[in-house]
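Listed below are the residues making up each chain.
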Amino acid sequence: MEKNIVSKDDFLYPRGRYYGHVQPENLVFNANLQEFAQRVSYICNLETGGKLPPEEAYEQIKALWKQLKRSKKQLRIGEEPFQNNDADDS
């Protein structure tokens, strides 16, 4: 009988498969998004359990959100790569 050993990191930080359009920037953003969701979950659980004051939980989540937003902008997620920003050429 074969045992499947799960590493501590895989247990604490599970990752879901990515089913979207496969591009490097999409994969990186998806990993960042999953990490954001996991960290927000931990912060919420700590706040709910009384281990973290609500104000501190809010500030930590706000900082994580800004980090995710910055990542989206740097990876140019949602932008058209060949879109012409100039006025019509006609």
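Predicted, not measured: the structure shown is a model, and the values here were computed from it.

Turning to the overall build of the protein, a few remarks are in order. In terms of helices and strands, the protein carries 3 helices and 0 strands. Residues classed as buried in the protein amount to 16% of the 90 residues present. Across the protein, contacts joining residues at least 24 apart in sequence account for 55% of those joining residues at least 6 apart. When the accessible surface of the protein is totalled, it reaches about 8,200 Å², and 54% of it is carbon and sulfur.

Before going further, it helps to examine helix H2 (residues 24-48). The end-to-end C-alpha distance of H2 is 36 Å, a good match for the 36 Å that 25 residues give at a rise of 1.5 Å each. Within H2, burial applies to Asn 26, Phe 29, Asn 30, Gln 34, Phe 36, Gln 38, Val 40 and Ile 43. Buried-residue contacts for H2 involve helix H1 (8-12) and helix H3 (54-75). Just downstream of H2, Gly 50 is the residue with a positive phi angle, here 80°.

Another point: the nonpolar core. Judged by nonpolar contacts, Phe 29, Phe 36, Val 40, Ile 43, Leu 52, Ala 57, Leu 64, Leu 68 and Ile 77 together constitute the single largest core of 9 residues. Elements that contribute at least two residues to this core include exactly H2 and H3. Looking at which element gives the most residues to this core, the answer is H2, with 4 residues. Contact partners of Phe 36, with chain neighbours within four places excluded, come to Ile 61, Leu 64, Trp 65 and Leu 68.

Inspection of the entire model under this criterion finds 2 salt bridges. Among the salt bridges present, the one from Glu 79 reaches Arg 76, with a minimum N-O distance of 2.9 Å.

Despite not being glycine, Arg 76 shows a phi value in the positive range, around 60°. Within the element layout of this structure, Arg 76 appears in the segment after H3.

Thresholds, definitions, all that
- Residues numbered from 1 in each chain as written.
- Predicted model: local features only at pLDDT ≥ 70, side-chain atom pairs only at ≥ 80, totals over all residues.
- Heavy atoms only, no water.
- Helix = DSSP H or I, 4+ residues; strand = E, 2+ residues; numbered from the N terminus.
- Buried < 20%, exposed > 50% of the residue type's maximum accessible area, 1.4 Å probe, protein only.
- Contact = heavy atoms within 4.5 Å.
- Areas by Shrake-Rupley, 256 points an atom, 1.4 Å probe, with all protein chains shown as cover.
- Expected span 1.5 Å × (residues − 1).
- Core = buried A, V, L, I, M, F, W, Y, C linked by side-chain atoms within 4.5 Å.
- Salt bridge = Lys/Arg side-chain N within 4 Å of Asp/Glu carboxyl O.

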